[in-house]
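Descriptive analysis of the structure
Residues per chain, in single letters:
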Amino acid sequence: MQNLRIEDLSVEQKVGMLLCARSFRTEDDLEFTVELIRNHALGCVQVPFAEPEIMARVKEAADYPILIITDMEMGFPTSQLPAVPPMTLAACNNPDYLRSFARAVVADAKRAGYNGTWNPNLDFGCHQRRFGDTPEMVCKNTEIIAQVYANNNFLSCGKHYPGGAHKFDSHMANTSSCTTKEELLNYRLLPYFHLMEKGLLDSVMTGHSVYEDIDPENPATLSKKVIDLIRDRGFDGIVWTDSLAMMAILQKYGEENILGMSVAAGCDIVLPNYRTSARKNYEMLLQNYRDGAFTEERLNEAVRRVLTAQAKVGAEPANPELFTEEDRENYYKIAGDCITAITDSGVEAALPKDNTDRIFIIINNEVGGMKEIAQETVVRDWYDPHRIEDKIHEEFPEAETIFLPEFPTAKDNERVLLAATKHKEVVFVTYCNARPYQGHDGLTRRVEAVINALLLSGKVSAVLHFGNPRAMLEIDHVQRRVFGYLMPESQLRAIEVLAGKLPAKGTMPYDLQFR
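In short, a report on the structure. Along each chain, residue indices are assigned from 1 in the same order as the chain's sequence is written. With pLDDT at 70 or above as the cut-off, local features in this predicted model cover only qualifying residues; side-chain atom pairs require 80 or more to be listed or tallied, and sums for whole chains, interfaces and linings still use all residues. Calculated side-chain values reflect all of the structure's heavy atoms, with hydrogen atoms and water omitted.

1. Focus: the overall build of the protein chain
The criterion, for reference: Strands are runs of DSSP state E lasting at least 2 residues, helices are runs of H or I lasting at least 4, and numbering of each runs from the N terminus. Relative accessible area decides the class of each residue, using a 1.4 Å probe on protein chains only: under 20% of the type maximum gives buried, over 50% gives exposed, and in between gives partly exposed. By definition, residues are in contact when any of their heavy atoms lie within 4.5 Å. Using a 1.4 Å probe, the Shrake-Rupley method yields the accessible areas, and only the shown protein chains count as cover for residues. Only four residue types enter the tally: Lys and Arg on the positive side, Asp and Glu on the negative side, with His and both chain ends excluded. Just so you know, the charge point we use is NZ for Lys, CZ for Arg, CG for Asp and CD for Glu.
Scanning the protein chain from N- to C-terminus turns up 18 helices and 15 strands. Taken along the three principal axes of its C-alpha coordinates, the protein chain extends 80 × 50 × 45 Å. For the protein chain, with 515 residues in total, the buried portion stands at 61%. For the protein chain, contacts bridging at least 24 residues in sequence account for 78% of all contacts bridging at least 6. As presented, the protein chain carries roughly 20,500 Å² of accessible surface, and 48% of it is formed by carbon and sulfur atoms. Across the protein chain, 55 positive and 74 negative side-chain charges occur, with their mean positions spaced 2 Å apart.

This is the structure:
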């Protein structure tokens, strides 16, 4: 395995170093990618996580440490270990669990052939992909993960630079942020600066929001003004674009010139539209350079950063952190230790044992997910209402259960409300999900209406919620709220908390003002 030298590379090879190959829809895509690798003309490959044959072809062709990366926010996507969202890790508030999580990612990823990942996520706010809602929480949690990655020469990436509040999901449409330059430098960018000071920020990935106070004309990915905020602080690692397949880019800019525009703005590796062939993406970027979209100086600067990252992942770590049996034990504690209870004064998390006349109303997930879009950034098929029902009958054998669709009809609502008239106590089991191109991860307005209607009866003793706890902001006061977040096993552990078999050890990782 050799480290490439910039002085040995032609223009065509250098341009390829700025590209992350991520389209493998045809055999020609794969053949062309392999050809680029053999010619030392590709910087990075996003190998699909469930395609070992593609990985084998890439590894066979590469005699230099090409970057091989995918998203691993919830853990390695095909790991035998359960997926763990950042939100769940943050609720545990246990640095050992964060360390064990990161060691598992590295162990699984390196075993499969990867040498880096696009995380940790340095955004903060109430979302399943975030480690807290303050810069202090995000700094504390992500430093532990980034340190494990660094100790294993595993490339890390802070995202989505530069942070801030956004008006819309950039997967779906153009979006903007009113966050000012001062707010970015003094607040939103603090996790980036913190990891930089620790020597733990290998790279950053831009978001696609327009920052109206800084550059009202261009999204961050295309804005030298925005990218220079961190360059001016001394950051010399790779700047990745986020996926240029997102509608925030495609709807306004199309594809022909966007690769070169992002490089000109200061991005070092582009993540092109995965719907477009590998060959066309390379040809468009090369043509952009020949048309003068970015200079030779900018090209060489970006290639230097790519080669530096490749040399890092190609070196043997001096003191690698290995995944141990203790780490495995920690990993399996997360599902129970994250469970969080917020109750009125004097109210326990467990339901009263002296009342056996209760009904559990379980929200049913009737809408299928998107199997092919950004699977690495979501927990797949995590909510199982029928498994929840079985566990309820195990722990509360005298209770009745009834399902309510997440998009209920008037007859559904009447059926559930009528069933509740026959019981003294009502417990809701709710969930919400966040996926790209979905735009919202709260409860449906119809479900909110049913819950708030029954709260007026005084019968609702608890809401057990899975997913983003922010969904509970639209629900009127409940004396007992229990949060299980997004791990499948947490659904069972949360019911055991209601049954009094487990304590609720978790802490709410976000400052939410419930009614």
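2. Let's talk about the pairing of strand β15 (residues 480–485)
Let me state the cut-off plainly: By this definition, two strands are paired if DSSP reports at least two bridges between them.
Along β15, six of the six residues are buried, which leaves the element largely enclosed by surrounding structure. Where burial is concerned, the two faces of β15 agree: the one with R480, V482 and G484 and the one with R481, F483 and Y485 are both buried. Looking at chain direction, strand β10 (residues 340–343) and β15 are connected through four bridges and run antiparallel. Bridge pairing links T340 to F483 in β15. The pairing of strand β14 (residues 460–466) with β15 spans four bridges and is parallel. When the sheet's bridge partners are listed, V463 is paired in β15 with R481.

3. Notes on the sheet that holds strand β1 (residues 20–21)
Spatial ordering of the open sheet is given by β1-β2-β3-β4, a layout of four strands whose pairing is parallel. Of all strands in the sheet, those bounded by a partner on one side alone are β1 and β4 (116–117). Two elements, strand β3 (residues 67–70) and β4, share two bridges in a ladder whose sense is parallel. Across the sheet, T70 pairs through a bridge with T117, a residue of β4.

4. Looking at the environment of V313
Tracing the backbone through its elements, the reader meets V313 in helix α13 (residues 296–314). Along the primary structure V313 and A150 are separated by 163 residues, whereas in three dimensions their C-alpha atoms are 9.6 Å apart. With residues near it in sequence (within four places) discarded, V313 still touches P65, L67, N115, N153 and L155.

5. Some remarks on the packing of helix α2 (residues 27–38) against helix α12 (residues 278–290)
Convention followed: Orientation is described by lines fitted to C-alpha atoms, with helices fitted over the stretch in contact, and by angles between N-to-C directions that extend from 0 to 180 degrees. Every angle not falling under 35 degrees, over 145, or within 65 to 115 is termed oblique; those three ranges are roughly parallel, roughly antiparallel and roughly perpendicular. Under the convention adopted here, Pro, Cys and the residues Ala, Val, Leu, Ile, Met, Phe, Trp and Tyr are nonpolar, Asp, Glu, Lys and Arg are charged, and Gly plus all remaining residues are polar.
For the pair α2 and α12, interaxial distance at closest approach is 8 Å and the crossing angle is 50°. Classed by the angle they form, the pair α2 and α12 counts as oblique. Every residue of α12 that contacts α2 at D28, D29, F32, T33 and L36 is listed here: A278, R279 and Y282. Classifying every residue of the contact of α2 with α12 by side-chain character gives four nonpolar, one polar and three charged.

6. Some thoughts on unusual backbone geometry
Cis geometry is adopted by the peptide bond preceding H160, which originates at K159 and carries an omega value of 0°. A cis amide bond links Y161 to the next residue, P162, at an omega of 0°. With respect to the secondary-structure elements, P162 resides in the loop between β5 (158–161) and β6 (176–177). Residue H40 is not a glycine yet carries a positive backbone phi of 55°. With respect to the helices, strands and loops of the structure, H40 is situated in the loop between α2 and β2 (44–45). Residue classification places H40 among the buried positions, given a relative accessible area of 16%. Phi is positive for N93, close to 55°, though the residue is something other than glycine. By the secondary structure assignment, N93 is in the loop between α4 (86–92) and α5 (95–112). Classification of N93 as partly exposed rests on a relative accessible area of 45%.

7. Points about the side chain of E448
Using the following cut-off: Polar contacts, as counted here, are pairs of nitrogen or oxygen atoms within 3.5 Å of one another; within protein the pair requires one atom able to donate a hydrogen and one able to accept it, and residues that are adjacent in sequence qualify only if both atoms are side-chain atoms.
Position of E448 among the secondary structure elements: in helix α17 (residues 445–455). Take E448: its relative accessible area is 7%, and that puts it in the buried class. One polar contact links E448 to R445, side chain to side chain, over a distance of 3.1 Å. With sequence-adjacent residues up to four places away left out, E448 is seen in contact with L443, E474 and I475.

8. Observations regarding the sheet that holds strand β9 (residues 238–240)
Pairing between sheet strands relies on hydrogen bonds along the backbone, with the strands arranged either parallel or antiparallel. Read across the open sheet, the three strands follow the order β5-β7-β9; overall the sheet is parallel. The sheet is open, and its two edges are formed by β5 and β9, each paired on a single side. Adjacent strand axes in the sheet meet at a mean angle of 25°, parallel and antiparallel pairs treated alike. In this sheet, β9 lies alongside strand β7 (residues 203–206) in parallel orientation, the contact comprising three bridges. Each bridged residue has a counterpart across the sheet, and for V204 the counterpart in β9 is V239. Across the face of the sheet, helix α9 (residues 224–231) comes into contact with β5, β7 and β9 while running at roughly 145° to β5.

9. A few points about the nonpolar core
Using the following cut-off: The definition of a nonpolar core used throughout is a set of buried Ala, Val, Leu, Ile, Met, Phe, Trp, Tyr and Cys residues joined through side-chain atoms within 4.5 Å.
Core analysis: the largest hydrophobic core is formed by 142 residues, its most contacted members being L67 and W240. Among the elements that take part in this core, α5 stands out by supplying eight residues, more than any other. In this structure, W240 is in contact with C44, L67, I69, W118, L155, C157, S203, V204, M205, T206, I269 and L271, ignoring residues within four places of it in sequence. Among the nonpolar cores identified, the runner-up in size contains 24 residues, and L195, F235, V239 and C267 belong to it.

Spatial relationships are all this shows, so hold off on functional conclusions.
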